[in-house]
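# Results of the structural survey
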Amino acid sequence: MSRIKPPDSLGTGGFWPAGGEIVGEKCAMAQVLMNGWIEYSLSKERFRLIATDFAAAMDDGLNGRPSSLQMLPAFVGRPAGNETGKYLALDFGGTNLRVAEVELCGTKKPRINKIHKVSLKPTGGGVDYTSANVDVDALFEFIAQQIAIVDDGTDALLLGHSFSYASQQTSLGRAKLVGWTKEIKVTGVAGQDINGLLSAALARQSIGNIQPVAVINDTTATLLAAAYSQPEADLGSVCGTGHNTCYYEDISHQEVSARVMAYNSESGGFDRLPFSAIDDQLDADSEYPGKQRLEKMVAGRYLGELTRRILLSGRSDCGMNFIDACPPFHRVDGISGIDVAAFVGDETTDLAGISFWLEKQLPGYSGSLAERHFIKAVAEMVVNRSAALIAASYAGFLLRMDPQQRRKHVVGINGSLYEKMPGFAIGIQRSLENLGGWNSEQVLFHLVDEAPLVGAAIAAAMAKDGKGW
Ligand code: BGC
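Every residue gets a number counted from 1 within its own chain, in the order that chain's sequence is written. Reporting of local features is limited, given that this is a predicted model, to residues whose pLDDT is at least 70; pairs of side-chain atoms are given and counted only at 80 or more, and all residues count toward the totals for whole chains, interfaces and linings. As a rule here, side-chain values come from all non-hydrogen atoms in the structure, and water together with hydrogens is ignored.

## Digging into the overall build of the protein chain
Stated precisely, the cut-off is as follows: Each helix corresponds to a stretch of at least 4 residues labelled H or I by DSSP, and each strand to a stretch of at least 2 residues labelled E; elements are numbered beginning at the N terminus. In this treatment the radius of gyration is a C-alpha quantity, and the globule benchmark scales as 2.2 Å times the residue count to the 0.38 power. Note on exposure labels: buried denotes an accessible area under 20% of the residue type's maximum, exposed denotes more than 50%, and partly exposed covers the range between, all computed with a 1.4 Å probe on protein chains only. Should any heavy atoms of two residues lie within 4.5 Å, those residues are counted as being in contact. To be clear on the numbers: accessible area is Shrake-Rupley with a 1.4 Å probe, and residue cover counts the displayed protein chains and nothing else. The charge count treats Lys and Arg as positive and Asp and Glu as negative. His and the chain ends do not count. By convention, the charge on Lys lies at NZ, on Arg at CZ, on Asp at CG and on Glu at CD.
On a plain count of helices and strands, the protein chain comes out with 14 helices and 15 strands. Compactness check: the protein chain gives a C-alpha radius of gyration of 23 Å against a globular reference of 23 Å for 469 residues, within 12% of the reference. The principal-axis extent of the C-alpha atoms belonging to the protein chain is close to 75 × 55 × 40 Å. Sorting the 469 residues of the protein chain into buried and exposed places 55% on the buried side. Taking contacts inside the protein chain between residues at least 6 apart in sequence as the whole, the part at least 24 apart equals 68%. As displayed, the protein chain has an accessible area near 19100 Å², and 50% of this comes from carbon and sulfur atoms. For the protein chain, the separation between the mean place of its 43 positive charges and that of its 53 negative charges on side chains is 2 Å.

## Topic: the site of the ligand
Under the convention used in this document: Here a residue is considered near a molecule or strand provided that any single heavy atom belonging to it is located within 4 Å of it. Nitrogen and oxygen atoms within 3.5 Å of one another constitute a polar contact, given that in protein one can donate a hydrogen and the other can accept it, and given that sequence-neighbouring residues count only through two side-chain atoms. Just so you know the grouping, Ala, Val, Leu, Ile, Met, Phe, Trp, Tyr, Cys and Pro go in nonpolar, Asp, Glu, Lys and Arg go in charged, and all remaining residues, Gly too, go in polar.
As a matter of local geometry, the ligand sits amid 15 residues, with Thr181, Asn217, Asp218, Glu266 and Glu295 nearest to it. Between the ligand and Lys182 there is a distance of 2.8 Å, counted from an oxygen atom to a side-chain nitrogen or oxygen. Within the side chain of Asn244, a nitrogen or oxygen atom sits 3.0 Å from an oxygen atom of the ligand. Within the residue set of the shell around the ligand, elements represented by two or more residues are α5 (218–229) and β12 (243–250). Looking at the shell around the ligand, its residues break down into three nonpolar, eight polar and four charged.

## Quick word on the sheet that holds strand β11 (residues 233–239)
Using the following cut-off: Two strands pair if DSSP finds at least two bridges between them. Only the contacting stretch of a helix is used when fitting its axis, a line to C-alpha atoms as for every element, and angles between N-to-C directions run 0 to 180 degrees.
A sheet is described by the order of its strands in space; here six strands give the open sequence β3-β13-β12-β11-β14-β15, paired in mixed fashion. Each end of this open sheet is capped by a strand with a single partner; those strands are β3 (72–73) and β15 (443–447). One ladder, built from two bridges, connects β3 with strand β13 (residues 260–264); its direction is antiparallel. Each bridged residue has a counterpart across the sheet, and for Leu72 the counterpart in β13 is Asn264. Of the strands in this sheet, β11, β12, β13, β14 (409–414) and β15 touch α5, which is tilted by about 135° from β11.

## Let's talk about the sheet that holds strand β6 (residues 111–119)
Strand order in the open sheet made by the five strands is β6-β5-β4-β7-β10, with mixed pairing throughout. Every interior strand has two partners, whereas the edge strands, β6 and β10 (210–216), have only one. Shown here is a sheet whose adjacent strand axes are inclined to one another by a mean of 20°, direction ignored. Sheet topology note: the strand β4 (residues 84–92)/strand β5 (residues 96–105) ladder contains nine bridges and is antiparallel. From the neighbouring strand, Leu90 faces β5, where its bridge partner is Val99. Relative to the sheet, α5 contacts β5, β7 (157–163) and β10, its axis offset from that of β10 by approximately 95°.

## Quick look at helix α9 (residues 337–344)
Regarding α9, the residues found buried are Asp339, Val340, Ala341, Phe343 and Val344. Close packing links the buried residues of α9 with α8 (300–318), α10 (352–361), α11 (369–401) and α12 (416–420).

## Re the nonpolar core
Defined as follows: Nine residue types can take part in a nonpolar core, namely buried Ala, Val, Leu, Ile, Met, Phe, Trp, Tyr and Cys, and a core is a set of them joined through side-chain atoms within 4.5 Å.
Counting 88 residues, the largest nonpolar core has Phe15, Phe374, Tyr394, Phe424, Ile428, Leu432 and Phe445 as the members making the most contacts within it. With 20 residues, the top contributor of residues to this core is α11. Beyond its immediate stretch of four places on either side in the chain, Phe374 contacts Phe15, Met29, Val32, Leu33, Leu311, Cys318 and Met320. Judged by nonpolar contacts, the second largest core, of 35 residues, contains Ala74, Ala226, Ala227 and Val260.

Right under this line is the structure:
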């Protein structure tokens, strides 16, 4: 009978018995997991190399040299924290569209008076506003209609727009979409002025009281919303369907009165990374091959698909032949980020949640305990790598902003992955500390509530006060 003694570094619990050997059925699985661990985990050296390469790519992008980081200026600095007033905020994200009336109250917590949320891709049928069957006019018509649901037409309101896609800004109020990500395919939008399209759609629907004055990336919105209440906030990051980070770059050397300007790095595009064969396959089969390589390793949109591909490709080595008959393993995106969260978060001793999931997919089969442990271990491996890679990118920002590690930093974060994936938030912090040497007193993580809406309202307030460029 085969036997395997797992390396101590893999710890105990779950798949790995305390101090013991693995025998029998689990040996093949253990071998696959150990190989995966080598491929999917980051050593200190690798982590630091990624951080250094990331900082170098930032410098290249900022200085017009070829780089996988776009480093897009946002034409906005730090809010004073005392901005006030009522604004309409629009959040065009990866899966939903939200419109809200947001009231900024100076130092107190912003108030969301009214909110309306609609899925861009309704599960129960209806138009899929992410697909190639929808064109630019239909999309903006739809957005204007959603605005009309919240706006009763009485007050004249300035609108701030959080638009979660890479856009080339020329001022706080104007930005052209560089290109879609997150598998969105709506035609005719790339290269167009986003708030120009929105203003035209509002005019077509005779909505005359709403004036779009600011358009920012969702990471910039997160940074503004964090900095509104915390002066030390200098990074804004989104870990959700997609992934990206924005930061304050020191521009005191330029001929402007502000000391810092927010830059959207489009960090999801970073590509000096240790890709596995599965990463390369997923990329080749995606809508935009070669693009968003970091995002495709870390973002919520892709964690289910990575898990599915790893399990599918390892099934024969592990004797998990049931996978051949289990439909979700044979469908692109057959496993979702929500499934991954359920696998990772299954804390029952017999992994009852995973057993229930299997039974639902393949009636009559709920997997052996070893198989369920294996599924959980693969999902954890994918999630841990995501957290470690994101932490390595943060270490890259910190290296640029504070190479001597002299200051305190606050990272404003928003996104479903950060909020809902078990072990993810702590995984980022631990990786930054254990692999990057930044302790939790120097770098604080602050989950920003409703960041896109609040940040969009702050951007509109700053535009009104003439504090944008
Ligand atoms: C987009 C970014 C965005 C991020 C998070 C990425 O796909 O390119 O602009 O900030 O998703 O929503």
